[in-house]
Amino acid sequence: MDSIVLFGPPGAGKGTQAQRIMESTGLPQVSTGDMLRAAVAAGTATGIEAKRYMDAGQLVPDEVIIALIKDRIQDSDASNGVMFDGFPRTIPQAEALSEITEVSHVIAIEVPDERIVERICGRYTCGSCSAVYHDTFNPVSVEGICDNCGAGEFKRRADDNADTVLSRLGAYHDQTSPLAQWYESKGIFHVIDGDRAIDEITNDILSALK
Ligand code: ADP
Ligand code: AMP
């Protein structure tokens, strides 16, 4: 299978859905946000450069992102394609991607702006397996224990606060949403209503991928 792109605003549910369809697609999730957070935590040169953009809710420069992706898709688990989550986010990133690998489906998860702030401000993830939860909409079944791996430590992202979310949404509308038209013109763009129950969205994505 070729690669898949999960497209949509921050908090649309890309990571949540990626984790749920990973088994069906057999493709690894490649999240540029996760890769950047790992680089920040490790204190690499890329992490140090990226952090100021991430803290401000702005996009990290294209050349930094494209270098990360070029490196990642050399890994052996990427030989049959990957599931991109949060990449590409600009036209130059999409152009670079088209030179690196084939994309068969772009799954656009649509969620209105007014939902995004509440989604992002309630997000938390398992510190061990990175499963994604929400205080109200998708909490763990047993308080303090990850449904997926049983661990008991959870994290919240530094940029998941109301101020930064507005900048991130602005970046999405200005720099990322023009990509929709770019992919529509290629006939591989599938729009999914992301303002519904998580299971319903998963079913629609799997149908779109058939
Ligand atoms: P993204 O990867 O697009 O930034 P996430 O998958 O991390 O988004 O989801 C953002 C937040 O919204 C998380 O807290 C997640 O649990 C929650 N969420 C995801 N999908 C839904 C949904 N369909 N309805 C309500 N909340 C959702
Ligand atoms: P995410 O985890 O996808 O919400 O991304 C968190 C932050 O990382 C964003 O607000 C950007 O600062 C940065 N980032 C992630 N992916 C990209 C990308 N493809 N292009 C530019 N910046 C990115």
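The structure displayed is predicted, hence computed values, not measured ones.

Another aspect to go through is the side chain of K14. Examined against the element boundaries, K14 turns out to sit in helix 1 (residues 14–25). Although K14 is buried, it makes no salt bridge; D85 carries the closest opposite charge, 4.9 Å away. Within the structure, K14 has its side chain in polar contact with the backbone oxygen of G8 (distance 3.3 Å). Apart from the residues lying within four places of it in its own chain, the contact partners of K14 are L6, F7, G8, P9, D85, G86 and I109.

Right, let's talk about the sheet that holds strand 3 (residues 83–85) for a bit. Neighbouring strands of a sheet are bound in pairs by backbone hydrogen bonds; such pairs are parallel or else antiparallel. Spatially, 5 strands are ordered 2-3-1-4-8 in an open sheet, and the strand pairing comes out parallel. Two strands lie at the open edges of the sheet, namely strand 2 (29–31) and strand 8 (189–193), each paired on one side alone. When the angles between neighbouring strand axes are averaged without regard to direction, this sheet yields 25 degrees. Judged from the 3 bridges that link them, strand 2 and strand 3 form a sheet pairing that is parallel. Paired with S31 across the strands is D85, a residue of strand 3.

The next subject is the site of ligand 1. Near ligand 1 there are 19 residues, and of these G15, T16, R123, Y133 and R196 occur at the shortest range. In the environment of ligand 1, a nitrogen atom lies 3.3 Å from a nitrogen or oxygen atom belonging to the side chain of R119. Within the backbone of R196, a nitrogen or oxygen atom sits 2.7 Å from a nitrogen atom of ligand 1. In isolation ligand 1 offers 560 Å² of accessible surface; the protein chains occlude 92% of this area. Breaking the shell around ligand 1 down by element, the ones donating at least two residues are helix 1, strand 6 (132–134) and helix 9 (198–209). Grouping the constituent residues of the shell around ligand 1 by class yields 8 nonpolar, 7 polar and 4 charged.

Residues in contact with ligand 2 amount to 16 residues; listed here are only the nearest, T32, R37, Q58, R89 and Q93. Contact between ligand 2 and R89: an oxygen atom at 2.9 Å from a side-chain N or O atom of the residue. Between a nitrogen atom of ligand 2 and a side-chain N or O atom of Q93, the distance comes to 2.9 Å. Of the residues forming the shell around ligand 2, the biggest block, 4 residues, is contributed by helix 2 (residues 32–42). Taken together, the residues of the shell around ligand 2 break down into 6 nonpolar, 5 polar and 5 charged.

Each value, and the rule that gives it
- Residues numbered from 1 in each chain as written.
- Chains lettered and ligands numbered in written order.
- Predicted model: local features only at pLDDT ≥ 70, side-chain atom pairs only at ≥ 80, totals over all residues.
- Heavy atoms only, no water.
- Helix = DSSP H or I, 4+ residues; strand = E, 2+ residues; numbered from the N terminus.
- Buried < 20%, exposed > 50% of the residue type's maximum accessible area, 1.4 Å probe, protein only.
- Lys, Arg positive; Asp, Glu negative; His and termini not counted.
- Salt bridge = Lys/Arg side-chain N within 4 Å of Asp/Glu carboxyl O.
- Polar contact = N/O pair within 3.5 Å; in protein donor to acceptor, adjacent residues only side chain to side chain.
- Contact = heavy atoms within 4.5 Å.
- Pairing = 2+ DSSP bridges.
- Axes fitted to C-alpha atoms, helices over the stretch in contact; angles between N-to-C directions.
- Near = heavy atom within 4 Å.
- Areas by Shrake-Rupley, 256 points an atom, 1.4 Å probe, with all protein chains shown as cover.
- Nonpolar A, V, L, I, M, F, W, Y, C, P; charged D, E, K, R; others polar.

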